[in-house]
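Structural overview for review
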Amino acid sequence: MKFPWSHTTIVDMIKTDQKVEEKCHQVTTDIIAGKLNVAEFVEELGPALTHTDASVRAKGTTLLSNVLKDLPPDALQANQVELLCTFYIDRSLDHHTVTPMVLAGIEALTHMTNFPDGAAVRLLRALFERVPCQSQKKPERTLYFQMMLNLAERKVDELKAWGVDFVYGVIGAIEGERDPRNLLYLFERMPSFIRTFPMYHLAEEMFETFACYFPIDFHPNPNDPVAITRDALAEHLANCLCATPEMAEFAVPLLMEKLDSSLIMAKLDSLSLLRKCLELLEVAKLEEHHDELWTALKKELLPAGGTSAAEKELAEATFAAVQALAKNASTDEPSAKALLDKILLSVMGGLTDASSKQFEMSLRVELSCAQGSVYCAVYVIEKLIPMLLAQLNVDGHVETRVANVLVDALQRLCAVCAHWYCIDRLDPALVGQMHKKLIEVVLQEADGSEQKRSALLALAAVPEMVSSENRYVVYSAMVKILLTATEQPSKTIDAAQECLFSFAIRYQQEVKTVVLEKLITHDYAKAETSLVQLVFKTLGKFILYHGYLDKMVKFFLSKIFDPDNERLAIIAMDTLTDVVENGNSSQLGKAELYEQYKLLDRCFEYANDKLSSDCLHAMAQLIGAVVKQLPVEEQHQLILKRLPALRLQQRADLYLASGLLAYLDQSVPLVDHFENLVTDLSKLALETDDERVRDVCNRLLCSLFNRMPDDEHHRGVLKRLLKMIREELKKHNHQAVVILSWIGKGLIARGHSEAGEIVDDIADLLDHPTLGHIAALAFEILSIEFPQLHLPLLRNLFKQKLFVWVMKKLEQKVEQYAETHLKALAFVLAATPHTVLKMNLSKVGPVLLKCLAQTDDKTILEALTIVLRFTREQDPFVQDHLQTLIPLLLKLTLHQSSMKIRIGALECLLYVCKYPTFLLLPFKQSVLLALQKPLDDRKRLVRNAAVTTRLQWFVVGSAEETKTDK
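Residues numbered from 1 in each chain as written. Predicted model: local features only at pLDDT ≥ 70, side-chain atom pairs only at ≥ 80, totals over all residues. Heavy atoms only, no water.

Focus on the overall build of the protein chain
The cut-off we apply is this: Helical segments are the DSSP runs of H or I of at least four residues, strand segments are the runs of E of at least two, and each set is numbered from the N terminus. Partly exposed describes any residue whose relative accessible area lies between the buried limit of under 20% and the exposed limit of over 50%, with all areas from a 1.4 Å probe on protein chains only and scaled to the type maximum. The contact criterion used is simple: two residues touch if any of their non-hydrogen atoms lie within 4.5 Å. Methods summary: accessible areas were calculated by the Shrake-Rupley approach with a probe of 1.4 Å, and residue burial reflects only the protein chains presented. The charge count treats Lys and Arg as positive and Asp and Glu as negative. His and the chain ends do not count. Each charge is placed at NZ for Lys, CZ for Arg, CG for Asp and CD for Glu.
Within the protein chain, the secondary structure is distributed over 53 helices and zero strands. Residue burial in the protein chain is summarised as follows: out of 966 residues, 54% are buried. The contacts of the protein chain with a sequence gap of at least 6 include a subset with a gap of at least 24, amounting to 73%. When the accessible surface of the protein chain is summed, it comes to about 43800 Å², and 51% of that surface belongs to carbon and sulfur atoms. Side chains of the protein chain carry 106 positive and 126 negative charges; the gap between the two charge centres is 5 Å.

Structure, rendered in structure tokens:
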């Protein structure tokens, strides 16, 4: 190896050559390749490393350290690492200007795979004694910490054997650190260190090293590209303070002291730290602090009344701390009882008066305790039930509001009981009293009352406490609520449904014979549609419950195939479709509905042209949902069995075909049927006057061409069909344009080569005197996403591709755009991703401004939505065109045919105010004058927007705003 220097030139080169570091890259490569020994490299650097000038020694050490940093971890042998460690230990005594390079070199060595035993102690001892960490600059302190903790992870046994001196050295290194990024690094790594190494007599000193930062008071730099948050620092600091039970003991007095702070953030950090301590410490270590802790927590909760978001957050954190405290105490029952007695005694006054402001807070405290453990739950429930029932069972009249509060409290206790499954541990007499009261409420209170809702939720939580004779009372109440749902509040209906499903799991036979039988046999012929939908949806959920499927499916099938009531059949099919699609059970569609109940076979036998389009559409949706659940092979067999017999000219068969094909897997072959299908569908779409039939045909054509195999046969079918459609276009057939757009949509989504030609054909029609308007609407079909349209083949960036095709076709005619061109472009731009529009704003911007000057509402609204996004972002294009944009927006604030346009224009004018004041001042008076009319708009929302916008324009150029701008 020939070095790019010699012993005589190395010093001069370091002093004069600015690119000397680049010459070391070849050295690194040769060390990796084994052509050069690192010892030779150090020897060649000798004159620089031993020079009398500290700056030369610093540069020489930098070269060596940089080479070490670039080496892979396994590049050096143990003896070579040993040599370098000895060198850097010696250099730790050098001038302070050399120290940063020494630290960089040592940090690089700590990553070496062959780091020798014994070297870690020697290195760290030298640094602890000779290089005070906190005397270094921030980058060097970072290296110091990284080196120290890397060695602590790699050489655990060796450093443990060193003992207390190592821990003392680490404390000395980190004590007093003030850089937030270094602190975050330490806070993240030190919990593991503290748990790994014995602290000896230095545990409290280690704790104090971190305690000085608690609570964190930090405001991040808004310009920091990788910002550190206060929350991240606080969370990791708490992990350090509670790294071990020994440390957590010291944390308890600290957090109690900080709980007295007037700062909410300090209180929140203290409560978070308390929860972490409670997870680590045994109750014996905390018992002496129970009085102080509860006193501090009570101070945060009582008296209640905080309404700000921060105060609410503090209250929630305090409740969580109470729960953690009760959970911690539960490991020792005498301690738990003493603590719970103390807490209950403190809140007793609030609990015994449900009309007081303290009741809710006192109840929350007890509920938090109950959530700590089973023991706590049993204690709290048995203490609170008598208090609540005593207030409900008074001789005189109980105010409705108070009764609502008390029954709701019982319901919340039942929810805790259900959480811990502790009903059997409670005193049966108390359970009986509560059960009696809840049944009484269900019997006597009005169906829509708050008490009845709470009582039903309570019974839903613990259905096992309801006696057999009283269950029938509950069943009757639930049935009545469901069958009069249109008269009930939604909360009451939800409670009745929850109660029904809860009882259905525990008392299956009773629910079947009592509740479901009444709901199934009820006469829905004259019932409101909304009521039937709600009851059927409730019944539909039972299909997914074990033991109910057969009864419920038979009920729905009886409604579906009932020729006397088509309305109920449609609702039943919609319900069953929803259950199949959202029931998280593929077996329901495949094993039950398809195989066991032969649903599809019955649909094909039942369907006829006498059924309404709505009924056939619902049936098609149900068939599609079931087909989607079938395996590919069964889908294939179904197609072979059913598709050839269908005659698409018959309306019923068309809908059946749409159900079969709508969600068919793309791997199911349709080669034998494809040409006949697309020919029949396109002819039917051209000839029929039924709008629903045309829509079904168009969607099927779109889906079929999207999944079409890209071979010679299918391309030929496509070309023949396009030729036929073009002949129809010559006859000025509007429907031909629509068919062409749907076929184009399917082909664009998959990235087919013919898609561009179809887009060109539709774009050419924009100039047509009779077909121009429908061609513009065709671009809406090409652009927007349709629900329930299945496109199995989707190519990435197909929306961007459509944008490129359309702009390429039309961009040369910007000045000649007619209304149809702008309408088409508006639809395409609305579907194009914002980033693509931003990249092409020089082309898109003028088009958008022209769209805003049109009279068509859809065109204006799509363009206005895009312009609003760019205005909100303060895009330079908008700034450069304010002279054109502002008059257009002012005109749109009076656009009477659309409230959305008026509000959008006003919002856009509001964001225009964010541009520099000197640009806005020339428009200020005209804008304020023009905005007077929207202040009297007939729509309240428009008036509100006008007030906000005019007020913002009124202060443009004011002294305060000018000062802010400066």
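Having seen it, we continue.
Regarding the nonpolar core
Test applied: Working definition of a nonpolar core: buried Ala, Val, Leu, Ile, Met, Phe, Trp, Tyr and Cys residues. They are joined through side-chain atoms within 4.5 Å.
Counting 369 residues, the largest nonpolar core has M190, F193 and W953 as its most contacted members. No other element matches helix α22 (residues 374-392), which puts twelve residues into this core. In contact with M190, other than residues within four places in its own chain, are L149, V170, I174, M206, F210 and C240.

Observations regarding empty space enclosed by the protein
Inclusion rule: Only protein atoms enter the 1 Å grid used here. Points where a 1.4 Å probe fits but cannot escape make up a cavity, open sets with protein on both sides within 12 Å along at least five of seven lines make up a pocket, and a residue lines them when an atom lies within 4 Å of a point. Grid points are joined across faces, edges and corners, and a volume is the space filled by probe spheres set on the points.
What the rule picks out here adds up to one cavity of 30 Å³ or more. Taken as a whole, the largest cavity encloses approximately 70 Å³ of empty space. What lines the largest cavity is L841, G845, L848, L849, V867, F870, F877, V878, H881 and L885. Mapped by element, the contributors of at least two residues to the lining of the largest cavity are α46 (841-852), α47 (857-872) and α48 (876-880).

Describing the packing of aromatic side chains
What characterises a pair of aromatic rings is the spacing of the ring centres plus the angle enclosed by the ring planes. The condition that has to hold: Stacked, tilted and edge-to-face pairs are distinguished by plane angle, under 30 degrees for stacked and over 60 for edge-to-face with tilted covering the rest, among Phe, Tyr and Trp rings (Trp via its six-membered ring) whose centres lie within 6.5 Å. Any Lys NZ or Arg CZ found within 6 Å of a ring centre and within 35 degrees of that ring's normal is scored as a charge over the ring.
If you walk through the whole model with that rule in mind, you get 23 aromatic pairs. Seen from their ring centres, F674 and F705 are 5.5 Å apart, and the 85 degrees between their planes marks the pair as edge-to-face. In this pair, F674 is assigned in helix α37 (residues 671-687) and F705 in helix α38 (residues 691-707), connecting sequence segments 31 residues apart. For the pair formed by F674 and F705, the shared burial category is buried. The side chain of K628 reaches across the aromatic face of Y663, ending 4.2 Å from its centre. Above the face of the F954 ring, K924 is positioned so that its terminal group lies 5.9 Å from the ring centre.

Here's the deal with the side chain of T244
Here T244 shows up in the loop between α14 (230-241) and α15 (245-259). Residues contacting T244, with those up to four places away along its chain left out, are I194, R195 and L280.

Re the UniProt feature "domain: MMS19 N-terminal" (unreviewed entry) in the protein chain
Selection rule: UniProt positions are given in the numbering used here, feature names are shortened, and annotations may be inferred rather than shown by experiment.
Listed under "domain: MMS19 N-terminal" (unreviewed entry) in the UniProt record, and renumbered for this structure, are residues 42-302. Overall, residues 42-302 shows 70% helix and 0% strand. The separation of its end C-alpha atoms is 71 Å.

Comments concerning the pattern of salt bridges
Put simply, the test is: Every case where a carboxyl oxygen of Asp or Glu lies within 4 Å of a side-chain nitrogen of Lys or Arg is listed as a salt bridge.
In the structure shown here, the tally under the stated rule is 45 salt bridges. A salt bridge links D260 to K299, with the nearest nitrogen and oxygen atoms 3.6 Å apart. Taken together, the residues span a long stretch of sequence, with D260 in the loop between α15 and α16 (264-280) and K299 in helix α18 (residues 290-301) at a distance of 39 residues. Under the relative-accessibility criterion, D260 is labelled exposed at 54%. Of the charged contacts, one joins R720 and E675 as a salt bridge, the two residues approaching to 3.0 Å between their closest N and O atoms. With R720 in helix α39 (residues 712-730) and E675 in helix α37, the pair connects residues that are 45 residues apart, well separated along the chain. Looking at R720, the relative accessible area reads 46%, which means it is partly exposed.

Here's the deal with α37
Put simply, the rule is: Given the number of residues in a helix, its expected span is that number minus one, multiplied by 1.5 Å.
The terminal C-alpha atoms of α37 lie 25 Å apart, and with 17 residues this matches the ideal 24 Å at 1.5 Å per residue to within 8%. Summarising the contacts, the buried residues of α37 are in contact with α35 (632-642), α36 (651-661), α38, α39 and α40 (734-750).

Some details on α47
Formally: Polar contacts here mean pairs of N or O atoms no more than 3.5 Å apart (in protein, one a potential hydrogen donor and the other a potential acceptor; neighbouring residues in sequence count only if both atoms are side-chain atoms).
With 16 residues, α47 ought to run about 22 Å at 1.5 Å a step, and its terminal C-alpha atoms sit 22 Å apart, in line with that. Within the span of α47, buried status applies to T859, I860, A863, L864, I866, V867, L868, F870 and T871. Residues of α47 that are buried make contact with α44 (819-831), α45 (834-839), α46, α48, α49 (882-892) and α50 (899-912). Between the side-chain oxygen of the N-cap and the backbone nitrogen of K858 there are 3.3 Å, and the N-cap of α47 in question is D856. Positive backbone phi, at 55 degrees, marks Q874, one or two positions downstream of α47.

Let's talk about the state of the cysteines
Using the following cut-off: Any cysteine sulfur atom paired with another within 2.5 Å is treated as part of a disulfide.
For the structure on display, the rule yields zero disulfides. Not part of a disulfide, C422 finds its nearest cysteine sulfur in C417, a span of 3.9 Å. Its sulfur unpaired, C851 is 14 Å from the next cysteine sulfur, which belongs to C908. Looking at C851, the relative accessible area reads 0%, which means it is buried.

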